[in-house]
Structure formats: C-alpha cells, structure tokens
Amino acid sequence: MTIRMRTTQAAACCLACVAGALVLAACGNGSSVSSAVVTGDAWVKSAASNPVAVSPMPGTPDASASTQISFLGDAGTSVSGVRVLGSRSGAHSGVLRGYSTGTGESFLPRHPFTPGERVTVTARVSTQTGSGLARTTFTVARPYSPSSKRFPTNPGDARAIQHYSSAPTLTPSTVRITTPAKPGAAPGDLFMAPYQGKGTPGPMIVDQAGNLVWFHPLPAGKDATNFQVQQLDGKPVLTWWQGRILQVGFGQGENVIYDTAYKQVGVVRAGNGYHADLHEIQITPQGTAWIDAFAPIRMNLASVHGLSNGILTDSIVQEIDIKTGLVMWEWHALGHVPVSESNNAVPKSSYPWDYVHVNSIDPGPTGQEGGAGSSQLGDVLLSARNTWAVYDVDIHSGGVRWRLGGRRSSFKLGPGTRFYWQHDAQFQPGGLISLFDNGADPPKERQSRGLLIDANTSTHTAALVKQLTNPAKTLLATSQGNTLGLPGGNWLMGYGGLPNFTEYSSSGGVLLDGTLGKNVQSFRTYLSPWSGRAPGAPAVVARSGVAGTLTVSVSWNGATEVASWRVLAGSAPGALSPVASAPKVGFQTTIAAPTVGPYVQVQALDGAGAVIGTSAAVKG
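Not measured: the values here are computed from a predicted model. (Residues numbered from 1 in each chain as written. Predicted model: local features only at pLDDT ≥ 70, side-chain atom pairs only at ≥ 80, totals over all residues. Heavy atoms only, no water.)

Q: How should I be thinking about the sheet that holds strand β28 (residues 389-394) in this particular structure?
A: Sheets are built from strands paired through backbone hydrogen bonds, the pairs being either parallel or antiparallel. With antiparallel pairing, 4 strands are arranged side by side in an open sheet as β26-β27-β28-β29. If you trace the sheet from one side to the other, it starts and ends with β26 (358-363) and β29 (400-405), each paired once. Direction aside, neighbouring strands of the sheet carry axes that sit 20° apart on average. Summarising the sheet, strand β27 (residues 379-384) and β28 pair through 6 bridges and their orientation is antiparallel. Residue pairing across strands places A384 opposite A389, the latter belonging to β28. (Pairing = 2+ DSSP bridges. Helix = DSSP H or I, 4+ residues; strand = E, 2+ residues; numbered from the N terminus. Axes fitted to C-alpha atoms, helices over the stretch in contact; angles between N-to-C directions.)

Q: Hey, could you run me through the pattern of salt bridges in this one?
A: Oppositely charged side chains may form a pair once their charged atoms are brought near each other. As enumerated under the stated definition, the model contains 13 salt bridges in all. Notably, a salt bridge pairs D379 with R401, separated by 3.5 Å at the nearest N-O pair. Placement of the pair is D379 in strand β27 and R401 in strand β29, with a sequence separation of 22 residues. Owing to a relative accessible area of 39%, R401 belongs among the partly exposed residues under this scheme. The shortest N-O distance in the salt bridge between D394 and R401 comes to 3.1 Å. For D394, a relative accessible area of 13% translates into the label buried. Each of D379, D392, D394 and R401 takes part in salt bridges that share partners, so that together they form one network. (Salt bridge = Lys/Arg side-chain N within 4 Å of Asp/Glu carboxyl O. Buried < 20%, exposed > 50% of the residue type's maximum accessible area, 1.4 Å probe, protein only.)

Q: Is there a simple way to think about the environment of A582 in this case?
A: When you line up the elements, A582 lands in strand β43 (residues 576-583). A C-alpha to C-alpha distance of 23 Å links A582 and A572, two positions 10 residues apart in sequence. Excluding anything up to four places from it in sequence, A582 contacts S564, W565 and I591. (Contact = heavy atoms within 4.5 Å.)

Q: Is there a simple way to think about unusual backbone geometry in this case?
A: For residues besides glycine, phi is generally negative; the peptide bonds are generally trans as well. For the bond from S55 to P56, the omega torsion is -5°, close enough to zero to count as cis. For P56, the position within the fold is in the loop between β5 (53-55) and β6 (69-72). At N226, a residue that is not glycine, the phi angle is positive and equals roughly 60°. Summarising the element assignment, N226 is placed in strand β17 (residues 223-232). What makes N226 buried here is its relative accessible area of 1%. Within the chain, Y262 stands out as a residue other than glycine whose phi angle is a positive 60°. Here Y262 lies in the loop between β19 (251-258) and β20 (264-268).

Q: Teacher, can you tell me more about the pairing of strand β23 (residues 310-321) here?
A: Both faces of the sheet carry side chains from a regular strand, because those side chains alternate between them. In terms of burial, β23 is largely enclosed, as 12 of its 12 residues are buried. Side-chain alternation along β23 places G310, L312, D314, I316, Q318 and I320 on one buried face and I311, T313, S315, V317, E319 and D321 on a second face that is also buried. As defined by bridge partners, strand β22 (residues 288-299) adjoins β23 across 12 bridges and the pair is classed as antiparallel. Along β23, the bridge assignment pairs I291 with Q318. Inspection of the sheet shows β23 paired to strand β25 (residues 353-354) by 2 bridges, in the parallel sense. Paired with T313 across the bridge in β25 is D354. Bridge count for β23 against strand β24 (residues 327-332) is 5 bridges, and the pairing is antiparallel. When the bridges of β24 are listed, I316 appears paired with H332. Linking β23 back to β24 in an antiparallel pair, the connection comprises 5 residues, with G325 at a positive phi of about 80°.

The structure is reproduced here in structure tokens:
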C-alpha cells in the first residue's frame with residue numbers, strides 16, 4: 001500500500017482508488033482539504049485485515065458528520081479502547097452501546113464531525129477467537145439538501161377508485177382481475193401499496209379475485225412502498241416503507257412494522273442522520289433489518305464532464321438492529337463502485353447525479369449466519385439500476401466479490417442474460433439469481449422480463465435459466481417492479497411503474513393477471529398467505545329498502561376469519577333479535593333484512609358459526 005498525504009484546493013477533487021478502480025471522493029467548496037491518494041486495493045485490504053467489520057469502512061469518501069462507528073462481528077464480540085480523531089475536529093469522546101444480537105457494539109460520538117475532514121479510528125476488539133486492533137479511516141461528506149418537492153402525481157382515472165358506504169374513508173385504487181386464478185396458482189393474498197393516479201395511497205391487501213381485504217390510508221403528502229409479510233421473532237408481521245417520494249428520484253421516510261392485529265409494533269429508521277429510502281426493508285431471523293438510504297453530496301464532477309461544483313447522489317446500505325436502532329453495518333456505493341460504471345448521463349446543471357441507484361438488498365445464505373445476519377464470511381446482493389449491474393458484496397470488507405452485468409461484469413454473459421435498469425435482484429436456491437429486467441428507461445428492450453440466471457463463479461459464465469414475459473401484452477415498465485419466487489415453482493411479477501401484475505407457472509404460462517387503476521403504481525407486488533385479526537368492530541350502515549325492508553351494508557377492514565354475517569334488529573339497542581343472515585361477499589356485504597324496528601346490529605361469524613365481532617347498533 002502506498003499513501004501520499006497532500007493538501008489541495010477545494011476545486012480539485014480527492015481521488016481514492018478502491019479495489020483497483022478510481023472513485024471520485026467528496027470535495028470542498030472554497031477551503032483547503034487534507035486528503036489521501038491510495039493506490040491499489042489498499043482500502044479493501046485494510047478492511048479485510050480488521051478482526052470485525054468496521055463502519056464507516058476504510059476509505060469511505062462521504063461518511064455522515066453524525067455517523068456512529070460500528071463494530072460488527074460474530075456472537076460474543078466486544079469493543080474497548082476506542083480512539084477517534086478528526087483532522088479538524090480533534091479527538092472525540094463518546095459511548096459504546098451493544099447490539100441486541102450480542103455481535104458487536106457501536107461507538108456514538110458526543111459531537112459531530114466536520115464536513116470535509118478525515119477521521120481515523122482505532123479500537124480493541126475481542127471475539128470468540130481472540131482479540132485484535134480494528135482500524136478505519138474515512139472522509140466526512142459535504143452534504144447537499146435536495147428540494148423537498150414531491151414527485152408529480154399522474155392524473156389517473158376518477159372511476160378507478162373503490163368506494164364503500166360502510167367505510168367511506170377507504171378509497172384505494174381499484175384492482176381488476178383480467179385473468180382469474182387458474183388451477184396451480186399459488187394460494188394467498190396480494191400485497192400492494194398503490195400510489196399515483198387517483199385514489200388514496202397506502203398499503204393494501206386484496207384476495208385473488210381482486211376483493212379488498214385491508215387498506216391503511218396514508219395522510220396527504222405520504223406514499224407507501226414495499227408492503228409485504230415478513231417474520232419477526234418467529235411471528236408474521238406486515239412491513240412497509242412510508243414517507244415522501246421526492247422529485248429527485250428517491251424517498252425520505254421510515255419503515256414500519258405491524259402485527260397480525262394491524263397494530264404498529266416497530267419502526268425502522270435509517271441511522272447516522274440519513275432518511276430511510278423507499279427501496280428496501282428486509283428483516284432477518286436475528287431481528288435486524290437491511291435498508292437503504294440516498295445521500296446527495298457536493299462533488300467536483302468535472303472529470304466526468306459535469307460541473308466542478310456538482311452534486312452526486314450516493315446509495316447507502318445499512319443493517320439496523322431493530323430493538324436498539326443502532327447501525328450495525330454501513331456501506332457506501334461511492335467507496336466501492338467507480339463512477340465510470342454509471343450508465344446515467346451526468347447532468348449539466350446542479351441537478352443531483354444519481355450515478356448508481358441501489359434498489360434492492362438481499363443478504364446471502366452466509367450473510368444470515370453468525371447470529372446477526374452478518375457473519376464475517378457473509379455477503380449481500382445489491383442491485384444498482386443505473387449501472388445495469390448486480391453486485392455481490394463482502395460484508396466483512398465491503399469489497400465487491402463479483403459483478404453480474406454492467407460495464408465490468410465478472411461473468412461472460414450468455415444469450416438473454418444482459419439486462420438494463422433492473423430491479424429486485426434476489427438469491428434463489430441452487431445459487432441462481434432472479435431479477436426484474438425493466439429494459440427501459442430509455443428503452444433497450446421491447447418488454448420487461450423476469451429473469452432467472454445461473455451466475456457460475458467457477459467458470460465465470462452467466463447462463464439464462466428462465467425468462468418470463470406476458471404473452472398477451474407488451475409491458476415495458478420504465479421503473480420499479482419485482483420478480484417473486486413462489487411455492488411450487490411459480491413466479492409473481494409486479495410491473496412497478498405500470499399498474500399490471502402477473503403470476504406465471506414454472507413453464508411461463510399465465511396463472512393470474514390483473515391491473516390497478518390507470519397510471520397507478522405499486523413499487524413491488526407480493527403474494528402470501530395472511531390471517532389478520534381486525535381491531536375494533538364491524539362497520540355497518542342501514543337504509544330503507546323496498547316494501548318494508550332495510551338494506552344493511554357491513555364491512556370489517558382487515559378481518560380474514562369472517563365467513564358470514566348475521567343481522568339483528570329491534571325497537572331498541574337492547575332488544576334485538578336475528579332477522580337475516582348472509583355469507584360474506586367481498587369487502588362489503590349488502591343484506592336485505594325485514595324492518596322489525598328502527599335499530600340494526602350485525603354480528604360477524606367465523607366458519608364454525610361463532611361470533612367473532614359485533615357492530616354498534618345503528619338506526620336504519
């Protein structure tokens with residue numbers, strides 16, 4: 001390793017050579033900055049020599065001024081003797097706090113660092129195999145605050161909104177099933193988070209006939225993405241991201257966790273001063289969450305034909321300890337992916353350059369060992385939309401093990417394996433990789449595809465195993481989307497920027513097809529079995545019907561165990577008796593009941609006929 005210290009003017013950018021490729025580092029705006037030029041793969045070697053994974057990782061060019069120092073290892077890892085020195089801010093005192101997983105600790109400085117300065121850290125780390133000295137050196141970013149202007153809303157279709165007299169506050173997009181579920185379709189409900197177009201945004205569950213099961217409307221100014229069922233502490237939970245989607249192309253918000261009774265039981269926020277982005281939340285069996293954040297910084301982009309006082313948006317990946325909120329691991333694309341890999345044009349204005357755009361995170365099989373989801377030998381698979389590449393990243397060092405696709409693919413790409421502007425790269429059984437190949441924007445293919453690829457690390461070749469496209473429609477999604485492996489070998493594709501979703505058989509036949517309303521988007525679409533216990537009581541309205549009858553409409557948002565409804569009526573709320581019953585039909589069931597008094601009440605019955613909920617008594 002060769003290191004040469006020097007002082008330059010802020011108009012000139014620092015250069016750090018990471019894994020043998022030059023990466024632009026954050027630069028100043030009018031003052032001198034101390035920087036290092038490191039040749040070869042010195043930063044990655046330095047990180048690999050540490051007894052544990054240390055974040056910010058050695059060579060990180062744009063760490064947050066409010067960063068904590070994270071030491072992540074295996075079970076039993078402890079930290080002592082932490083020394084932190086900023087080249088401008090001097091020595092930093094702080095406190096150590098342990099992860100709930102018992103796999104390390106974070107040092108929380110009492111005061112922030114200074115933008116542009118270089119920070120060195122040393123600490124004594126003890127693990128099950130012994131003790132050693134951990135080190136890292138990183139540079140603090142000069143941040144840029146983007147406009148808070150929201151992404152513009154498409155007009156949509158006012159007719160493509162669901163309305164219910166018993167639940168007037170629930171107005172999500174319609175869901176139209178164009179190909180009903182065929183034999184062989186995977187069981188379960190569809191999980192979406194519609195936004196754009198008409199209707200209220202929010203997480204939504206529908207059955208495979210398109211009937212609403214549960215909807216959680218969000219307040220004005222907020223959208224949701226990534227709504228799905230995951231496991232936390234061995235129990236099913238609902239997770240999603242909610243916040244503002246900015247016009248500059250990323251989100252600022254938080255990830256929430258709800259239980260089967262639709263009560264919030266947790267929230268996962270980005271650490272180190274960042275806002276959680278909309279692209280990912282993956283919960284591990286160890287109670288940690290993988291999330292992403294986008295961070296615009298000030299940089300000299302002249303070497304890539306941009307502005308000398310330009311702005312670059314970096315992609316950041318974090319593993320968060322859900323119980324403590326501590327950052328256990330943090331990775332910056334700018335420290336490991338050269339800007340030369342980008343296929344996104346550098347703007348000639350001060351608009352932030354989104355050079356990499358990480359949009360999915362999947363910890364590998366070894367990445368979920370060691371009790372924390374982050375064994376020193378673990379890896380994590382990252383999809384970067386704007387480099388047309390998928391990266392396998394070593395958790396211990398942060399280095400890129402291999403690239404699939406893009407300008408510097410580690411594999412010779414076989415026929416059909418090249419992809420563009422992709423999303424949702426996931427490890428699959430047998431070492432295969434699935435992803436959603438958008439093929440646009442701008443268009444590089446005729447339609448979007450679901451791909452299953454065999455990336456052979458022994459032969460360094462990539463072969464196409466499976467390609468999924470809708471045979472009846474030409475669907476080219478310019479953004480978002482996912483390819484979800486289902487039990488029995490089926491696949492569900494959500495088309496993201498388009499309102500469409502399709503379930504395919506293992507041979508590529510369409511088993512289910514549907515669409516949201518015009519211009520409505522759902523970042524990903526999931527399918528999973530679900531059983532929910534709705535809070536509160538059923539909602540009911542009654543109005544006069546024909547010839548001495550009442551028309552009773554009843555619903556119970558989120559209740560999945562209701563099999564039928566029983567209507568009670570009478571002269572007073574305390575004097576009601578059964579007058580009618582009907583099986584549950586869709587989200588809202590309408591029942592004609594004889595008028596035997598002005599008051600009506602409805603009971604929800606399960607499949608065995610037991611009462612599981614009772615509405616308030618209302619006047620008809």
